[in-house]
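Spelled out from the first residue to the last, the chains are:
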Amino acid sequence: MKAQERLIAEVRGRIPELSPQEALSLQARGAALIDVRESDEIAQGTAPGALPLGRGFLELRIEEVIPDTGRTIVAMCSSGVRSLLAADGLMRLGYTSVYSMAGGFARWKAEGLPVEVLVAMDAVARERYSRHLRMPEIAETGQAKLTRSKVLLVGAGGLGSPAALYLAAAGVGTVGLVDDDVVERSNLHRQILHTDARVGTPKVVSARASLEALNPAVKVVGHETRLTSANVEQILAGYDVVIDGSDNFPTRYLVNDACVKLGLPNVHGAVMRFEGQVSVFWPGRPRGGGPCYRCLFPEPPALEDAPACADVGVLGVLPGVIGLLQACETMKLLLGLGEPLVGRMLYFDALLGSFSELTFQRDPDCRYCGEGRPFPGYIDYARFCAHLAR
Ligand SMILES: [Zn+2]
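For clarity, every value in this text was computed on a predicted model and none was experimentally measured.

J.: Can you walk me through the sheet that holds strand β4 (residues 73-76) in this structure?
T.: By way of backbone hydrogen bonds, the strands of a sheet pair with one another, either parallel or antiparallel. Strand order in this open sheet of five strands is β1-β5-β4-β2-β3, and the pairing throughout is parallel. If you trace the sheet from one side to the other, it starts and ends with β1 (17-18) and β3 (51-52), each paired once. Here two bridges tie β1 to strand β5 (residues 98-101), and the two strands are oriented parallel to one another. Bridge pairing in β5 places E17 opposite S100.

What follows is the structure, encoded as structure tokens:
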């Protein structure tokens with residue numbers, strides 16, 4: 001027997017093997033499926049959700065990607081040999097629950113299990129997103145997901161500006177913007193999508209110019225209108241995530257209600273003076289739906305309790321901080337990474353330089369997201385300002 005065959009036979013005696021079907025079930029229960037093939041092989045197609053960790057970097061990167069040595073790991077390669085050796089290496093590093101997938105990706109495909117084929121990335125895209133591509137949590141698979149993603153920003157103002165710029169920069173394929181305002185000079189101390197030369201231009205037009213200049217590959221969809229009960233569902237439908245950067249209660253409630261009905265995550269942000277808040281409202285989350293905006297605030301406040309728009313100032317950089325936290329939550333949702341701010345309101349106090357967090361539950365009696373309730377319909381509230389929740 002050749003040395004190589006002897007080694008493989010010996011490793012096979014140590015490492016438990018799984019069928020592709022068993023690997024898929026384990027992955028669904030939280031195990032990490034790692035694809036140890038080379039990146040050009042992975043680019044031809046891989047298992048959905050598999051983490052690309054080429055053999056060359058496996059031992060160097062595994063601790064970053066899977067810090068918990070007790071987590072179950074299934075290694076996959078093309079035919080089931082390299083994955084045996086990879087699994088053996090992981091055991092040696094102290095991982096206690098490691099399997100190799102017998103037959104590799106060839107058998108996975110032959111058994112008709114789901115395959116994710118990545119859109120071929122050209123050299124320009126490869127260079128542009130190189131800092132994403134070198135992170136195994138994103139890599140080609142994640143970048144392809146971003147390319148296919150559609151994010152709607154409600155408001156191309158203080159919150160929408162930084163969020164739109166960073167999402168376009170990151171390669172989110174479609175960025176939609178809803179706004180019916182024109183650029184005013186008083187917007188420019190915080191709304192960095194717009195420029196002095198574009199004062200008087202519709203914000204949607206100005207935003208498109210900035211986003212296309214930053215990343216020509218991004219498709220910008222402009223909705224130059226005000227959201228109403230008549231158009232909200234039609235505009236939101238088809239997007240993956242909605243970022244609410246609105247500054248008024250009627251829009252905020254319409255966005256909430258439509259997101260509840262359509263099952264979309266609503267990434268909420270609001271700012272006033274030196275303070276801001278961020279949360280993710282998502283009753284339709286596939287695993288463990290969270291509360292909606294109405295679970296916290298069933299109805300808008302009385303007109304006389306709401307601050308008048310012109311009376312409320314804001315520190316110019318503050319919407320930058322909050323809008324980027326919204327963009328960050330959106331990236332996590334699109335990539336399926338980390339723990340979104342579902343059921344948590346994150347507050348930022350710029351003067352103290354501190355963050356604090358309030359956790360809140362879904363209201364089982366919520367008129368909009370309560371279990372088994374028929375959708376009660378949209379409401380056009382009288383238009384008044386809402387810079388913070390209350
Ligand atoms: Zn609710």
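Text resumes after the structure shown.
J.: Whenever I open this one, the coordination of the zinc ion confuses me. Can you help?
T.: Each pair of donors in an ideal octahedron of six around a metal sits at 90 or 180 degrees, and each pair in an ideal tetrahedron of four sits at 109.5 degrees. The zinc ion binds to the protein through C292 (SG), C295 (SG), C366 (SG) and C369 (SG); the donor distances cover 2.3 to 2.4 Å. Around the zinc ion sit four donor atoms, and with donor-metal-donor angles ranging over 92 to 120 degrees the site reads as tetrahedral.

J.: Mind showing me how you'd approach the layout of surface pockets here?
T.: In this approach, a probe sized like a water molecule rolls over the atoms, and the result shows the empty space that is left. Space inside the largest pocket adds up to approximately 930 Å³. In terms of lining, the largest pocket is formed by 32 residues, of which the most central are K145, R287, L335, G336 and L337. At the level of elements, α2 (20-28), β2 (32-35), β3, α9 (139-148) and α15 (318-335) are the ones that each hand at least two residues to the lining of the largest pocket. Residue contributions to the lining of the largest pocket peak at four residues, all from α15. A per-class count over the lining of the largest pocket returns 17 nonpolar, seven polar and eight charged.

J.: It is not clear to me how the pairing of β2 should be interpreted in this structure. Could you clarify?
T.: Walk down a regular strand and you will see the side chains alternate between the two sheet faces. Here β2 shows no split at all, with A32 and I34 on one side and L33 and D35 on the other all buried. The sheet contact formed by β2 and β4 spans four bridges and is parallel. Note that in β4 the partner of L33 across the bridge is V74. Inspection of the sheet shows β2 paired to β3 by two bridges, in the parallel sense. Within the sheet, the bridge partner assigned to D35 lies in β3 and is P52.

J.: Hey, could you run me through the side chain of N215 in this one?
T.: Checked against the element boundaries, N215 lands in the loop between α11 (203-214) and β8 (219-223). For N215, a relative accessible area of 1% puts it in the buried group. Among residues more than four places away in sequence, those in contact with N215 are R128, Y129, A168, A169 and G171.

J.: Explanation requested: α2 in the structure shown.
T.: Because an α-helix completes one turn every 3.6 residues, residues spaced three or four positions apart along the sequence face the same direction. Taken together, the buried positions of α2 are P20, A23, L26 and Q27. Buried residues in α2, looked at end-on, bunch into an arc of 120 degrees, giving them a common side. Contacts made by the buried residues of α2 are with β1, β2, β4, β5 and α6 (104-110). After α2 finishes, the residue G30 shows a positive phi value of roughly 110 degrees.

J.: Which parts of the structure should I look at to understand the sheet that holds strand β11 (residues 275-281)?
T.: One open sheet accounts for eight strands, arranged β8-β7-β6-β9-β10-β11-β12-β13; its pairing is mixed. One side of each edge strand has no neighbouring strand; the edge strands of this open sheet are β8 and β13 (354-359). When the angles between neighbouring strand axes are averaged without regard to direction, this sheet yields 15 degrees. Alignment of strand β7 (residues 174-178) against β8, held across five bridges, turns out to be parallel. Bridge pairing in β8 links V178 to H223. Those strands touched by helix α10 (residues 160-170) are β6 (150-154), β7 and β9 (241-244), and its axis lies near 165 degrees from that of β6. Relative to the sheet, helix α13 (residues 249-262) contacts β6, β9, β10 (266-272) and β11, its axis offset from that of β10 by approximately 165 degrees.

J.: So what exactly am I meant to see when it comes to the packing of α10 against α15 here?
T.: Any two packed helices are characterised by the angle at which their axes cross and by the distance between the axes. The geometry of α10 relative to α15 is characterised by a closest axis approach of 8 Å and an angle of 40 degrees between their N-to-C directions. Classified by the angle their axes make, α10 and α15 are oblique. In this structure, α10 meets α15 at a crossing whose hand is right-handed. In this structure, α10 uses P162, A163, Y166, L167 and A170 to contact α15, whose residues at the interface are P319, G320, G323, L324, A327, T330 and M331. Its residues assigned to classes, the contact of α10 with α15 shows nine nonpolar, three polar and no charged.

Calculation rules
Residues numbered from 1 in each chain as written. Predicted model: local features only at pLDDT ≥ 70, side-chain atom pairs only at ≥ 80, totals over all residues. Heavy atoms only, no water. Pairing = 2+ DSSP bridges. Helix = DSSP H or I, 4+ residues; strand = E, 2+ residues; numbered from the N terminus. Donors = N, O, S within 2.8 Å, 3.2 Å for Na, K, Ca; no water. Tetrahedral: all angles 85-135°; square planar, octahedral: opposite > 155°, others 65-115°. 1 Å grid on protein atoms, 1.4 Å probe; cavity = no way out; pocket = protein on both sides within 12 Å on 5 of 7 lines; lining within 4 Å. Points joined across faces, edges and corners; volume = space filled by probe spheres on them. Nonpolar A, V, L, I, M, F, W, Y, C, P; charged D, E, K, R; others polar. Buried < 20%, exposed > 50% of the residue type's maximum accessible area, 1.4 Å probe, protein only. Contact = heavy atoms within 4.5 Å. Arc of directions from axis to C-beta. Axes fitted to C-alpha atoms, helices over the stretch in contact; angles between N-to-C directions. Parallel < 35°, antiparallel > 145°, perpendicular 65-115°, else oblique. Left-handed = near helix turned anticlockwise from the far one by under 90°.

Treat this as a map of the structure, not an account of what it does.
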